[in-house]
Amino acid sequence: MRDLKNVFPEKNILPDGVVLDKPIEQREYLINGEILQWQGDFQQVFSPVYFGNDTQGAYIGSYPLMDARESLKALEAAVQAYDHGRGEWPTMSVEKRIHCVKKFVVMMQEQRELIIRLLMWEIGKNLKDSEKEFDRTVVYINDTIESLKNLDRDSSRFTFAQNIMGQIRRAPLGVVLCMGPFNYPLNETFTTLIPALIMGNTIIFKPPKLGVLLHYPLLKAFRQAFPRGVVNTVYGDGQVVVGPLMESGKIDVLAFIGSSRVADILKKQHPKPHRLKCVLGLEAKNPGIVLHDADIEETVKECVTGALSFNGQRCTALKIIFVHRKIAKPFCDRLSEEVEKLAVGMPWDEGVHITPLPEANKSEYFAELINDAITHGAKVINPNGGIYNKSCFFPAVLYDVNDKMRIYREEQFGPVVPVICYDDIEEPINYVINSNYGQQASIFGKDADQIAKLIDTLVNQVSRINLNSQCQRGPDTFPFTGRKDSAEGTLSVSDALRVFSIRALVAAKENDLNKTIIREIIKDDKSAFLTTDFIL
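### Notes on the pattern of salt bridges
As enumerated under the stated definition, the model contains 22 salt bridges in all. Where Arg-86 meets Asp-83, a salt bridge forms, and the shortest distance between an N and an O atom there is 3.2 Å. The class of Asp-83 is partly exposed, set by a relative accessible area of 28%. One salt bridge connects Lys-267 with Glu-488, and the closest N-O pair in it is separated by 2.6 Å. Taken together, the residues Lys-267 in helix α10 (residues 260–269) and Glu-488 in strand β24 (residues 487–488) connect sequence positions 221 residues apart. Take Lys-267: its relative accessible area is 27%, and that puts it in the partly exposed class. Residue Glu-488 is classed as partly exposed on the basis of its relative accessible area, which comes to 31%.

Here is the structure:
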């Protein structure tokens, strides 16, 4: 049996390059181009990493617990900066906005080491994945810039039809409230914030409840790279600082990645729902469907990675696995063996897979799910499944799960892997059809005929089907969305630019007067919108 009693380190034996020089005592916040000092209450931040036998995680800093009054100041700054589309930022040329974003990226990269350390300490993400999250975010920003260049080039020409000439471009939507998730607090936050920003919208940014401090090193970059009021930050309890923003009716776009429960609350708070555009990434219960002829070794490899990367704390994780009875025993035996090999440790440990969970009382929640499943007939089939010490929880493989169990429907968002044995392919199909969620599914098998039929059924239930591979978001050039309660709007490098903007056009009858006017506007660069210039 695994012994997790000594999984946490002693404070004085941490490896070089891991320790934070000192706690991050954040007092600053950004409103209207000024970094202000908060004088009110603060939220202390404790790491999911404990020291030795301590009863509380390591103290790593604090951040402002702002009030409604200050939150509304951030809103007013964003509203004024947008100025009904007449502000400096929304009327700025695409080329100049790109220049600002490039400046931000350069300054962001200067903070790479600190942000990676904070990813490890704040949310328990291992070193390799923390580095990957930062670097992937930089690549995403650069890809967004290139995609916008292509979009701008395509929009630089005029269209002629039925004696009407027109130029069609994309225009911003207004004030965007960006709220990202704790599991990818940098990357997924920036997959909405950056495209919203670069399209000419102004931003109010609230970091997730877990993963706040890692954004602190970027405050100066936001201030120096963008005009006043274009990016504003709020911190604190969502009910206190977000509720008033939505109730004001001045938020034009809600970009939120989190739970559907919270998204519903936020949407209902807005007094003008038809004027609110929502870009939402929500829950998922992605199934893996293992056919009778699947390659067991490769399938197990994909399922372990798909279900347990970053402790299974991913919306794209495989959250329930259906395996054909014909191969259920060898599959489950191999799955159990491979899960047992996973290394448990601290985020900076070499080769570690399972790290401390950042959410409070999460280990106890998983224990409840497991006990409920056992009560209704399931078994934990890997020897160490479900043992835990504080925030460290060893993954549990549950077999044979049925519809009486909470784990059958609840999105566990963590290291519990439910497995269902099926005889008829209609069983997993009906599960997907009746599910509240519709993000992705994985199919494992070899029979092209059966797989083709499954694809044609599932593609109308979920938004991505992965063949003999785990569910995943990337590459970022692919559409990322979901059906049912899993998403609103589509995110990818190119889709995000479109979702945070609207097609607008200038049209005129094709006569000499209009041609003269348009020719003069273009020749003398009188308009940032009506132009045939394009970015090389």
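Moving on from the model shown.
### Focus: the sheet that holds strand β8 (residues 175–179)
If you trace the six strands from one edge of the open sheet to the other, you get β10-β9-β8-β11-β12-β24, paired in mixed fashion. Strand pairing shows two members of the sheet lacking a second neighbour, β10 (231–233) and β24, which therefore form its edges. Taken together, the five bridges between β8 and strand β9 (residues 202–206) define a ladder with parallel strand orientation. Looking at β9, one finds that Cys-178 is bridged to Phe-205. Along the sheet, helix α1 (residues 68–82) contacts β8, β9 and β10; its crossing angle with β9, the most-contacted strand, is approximately 160°. The strands touched by α10 are β8, β11 (253–257), β12 (277–281) and β24; relative to β11, the strand with the most contacts, the crossing angle is about 165°.

### Here we look at a negative patch on the surface
A cluster of acidic residues, Glu-95, Glu-520, Asp-524, Asp-525 and Asp-533, forms a negative patch at the surface. You can see Glu-520 is positioned in helix α17 (residues 512–523).

### So, unusual backbone geometry
Going from Tyr-399 to Asp-400, the amide bond is cis rather than trans, its omega being -5°. Structurally, Asp-400 is set in the loop between β18 (396–399) and β19 (416–422). Looking along the chain, the bond that leaves Gly-474 and enters Pro-475 is cis, with omega of -5°. The residue Pro-475 is located in the loop between β22 (464–467) and β23 (483–484) in this model. Of note in the backbone geometry, Gln-162 takes a positive phi value of approximately 50° without being a glycine. For Gln-162, the position within the fold is in the loop between β6 (159–161) and β7 (164–172).

About the cut-offs
Residues numbered from 1 in each chain as written. Predicted model: local features only at pLDDT ≥ 70, side-chain atom pairs only at ≥ 80, totals over all residues. Heavy atoms only, no water. Salt bridge = Lys/Arg side-chain N within 4 Å of Asp/Glu carboxyl O. Buried < 20%, exposed > 50% of the residue type's maximum accessible area, 1.4 Å probe, protein only. Helix = DSSP H or I, 4+ residues; strand = E, 2+ residues; numbered from the N terminus. Pairing = 2+ DSSP bridges. Contact = heavy atoms within 4.5 Å. Axes fitted to C-alpha atoms, helices over the stretch in contact; angles between N-to-C directions. Patch = residues over 30% accessible without salt bridge, like charges linked within 9 Å, V, L, I, M, F, W, Y side chains within 5 Å. Areas by Shrake-Rupley, 256 points an atom, 1.4 Å probe, with all protein chains shown as cover. Lys, Arg positive; Asp, Glu negative; His and termini not counted. Charge placed at Lys NZ, Arg CZ, Asp CG, Glu CD.

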